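Observations on chain architecture
One letter stands for each residue in the lines below.
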Amino acid sequence: MEWYTFGQMLMHIRLGQKAATPDGRIVLRTSAGLLWQGGRMDGVFVEIKDYLFSDLWRIYEDEASLKESHNRDFLERREREMLENQYEEQRWNYMKEQGGTRGE
């Protein structure tokens, strides 16, 4: 079983997966964002606050989370495309500021 810090968990959790702390707090990654599961915050979007950074998280999937993962490949591909487009736009702007496309 692998444990992650909050930042590491954010980098590794995939759509439809859940992450839990040892004390039982659970979040679910959906296409809309990271949601609390169970307890008084059930269904509320996670607000990143300082106390979350000192927690350890374990990532897993269960039957309830599988419905969120049905379009995982498509949505993750779309996320990558958006990131690539942002990168290329920033790269283009940087190259323009530098006076051309030196080095290519």
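Structure: above.
Residues numbered from 1 in each chain as written. Predicted model: local features only at pLDDT ≥ 70, side-chain atom pairs only at ≥ 80, totals over all residues. Heavy atoms only, no water.

Topic: the side chain of T21
Heads up, the rule is: Numbering goes from the N terminus for both helices and strands, where a helix is a DSSP run of H or I of at least four residues and a strand is a run of E of at least two. Residues are treated as being in contact if the distance between any of their heavy atoms lies within 4.5 Å.
Note on placement: T21 falls in the loop between β2 (18–20) and β3 (26–30). Setting aside residues up to four positions removed in sequence, T21 forms contacts with D55, L56 and W57.

Overview of a nonpolar patch on the surface
Spelled out, the test is: Patch membership requires more than 30% relative accessible area and the absence of a salt bridge. Residues of like charge join within 9 Å; the nonpolar side chains Val, Leu, Ile, Met, Phe, Trp and Tyr join within 5 Å. Accessible surface area values rest on a Shrake-Rupley calculation with a 1.4 Å probe, where residue burial reflects the displayed protein chains alone. Salt bridge, as applied in this entry: a Lys or Arg side-chain nitrogen positioned within 4 Å of an Asp or Glu carboxyl oxygen. Only protein chains enter the accessibility calculation, which uses a 1.4 Å probe; a residue whose area is less than 20% of its type maximum is buried, one above 50% is exposed, and one in between is partly exposed.
On the surface, L10, I48 and F53 cluster together to form a nonpolar patch covering roughly 300 Å² of accessible area. Within the secondary structure, F53 sits in the loop between β4 (33–37) and β5 (56–60). Given a relative accessible area of 52%, F53 falls into the exposed group.

Some remarks on the nonpolar core
We count it as follows: Residues enter a nonpolar core if they are buried and are Ala, Val, Leu, Ile, Met, Phe, Trp, Tyr or Cys, with the set joined through side-chain atoms within 4.5 Å.
Y4, F6, M9, I13, A19, V27, L34, W36, V46, L52, W57 and I59 form the largest nonpolar core, which has 12 residues in total. For this core, the elements supplying multiple residues, two or more each, are α1 (6–12), β4 and β5. Among all residues touching A19, those that are not within four sequence positions of it are M9, I13, R25, I26, V27, W57, R58, I59 and Y60.

A closer look at the pairing of β3
On a regular strand, one side chain projects to one face of the sheet and the next to the other, so that they alternate. For clarity, the threshold we go by: Strands qualify as paired when DSSP identifies two bridges or more between them.
Most of β3 sits inside the fold, with 4 of its 5 residues counted as buried. The pairing of β2 with β3 spans 3 bridges and is classified as antiparallel. When the bridges of β3 are listed, A20 appears paired with I26. Linking two consecutive strands that pair antiparallel, namely β2 and β3, is a turn of 5 residues; a positive phi of about 100° is found at G24 within it. In the sheet, β3 pairs with β4 via 5 bridges, with the strands oriented antiparallel. The residue of β4 that forms the bridge with I26 is Q37. Adjacent in sequence and paired antiparallel, β3 and β4 are bridged by 2 residues.

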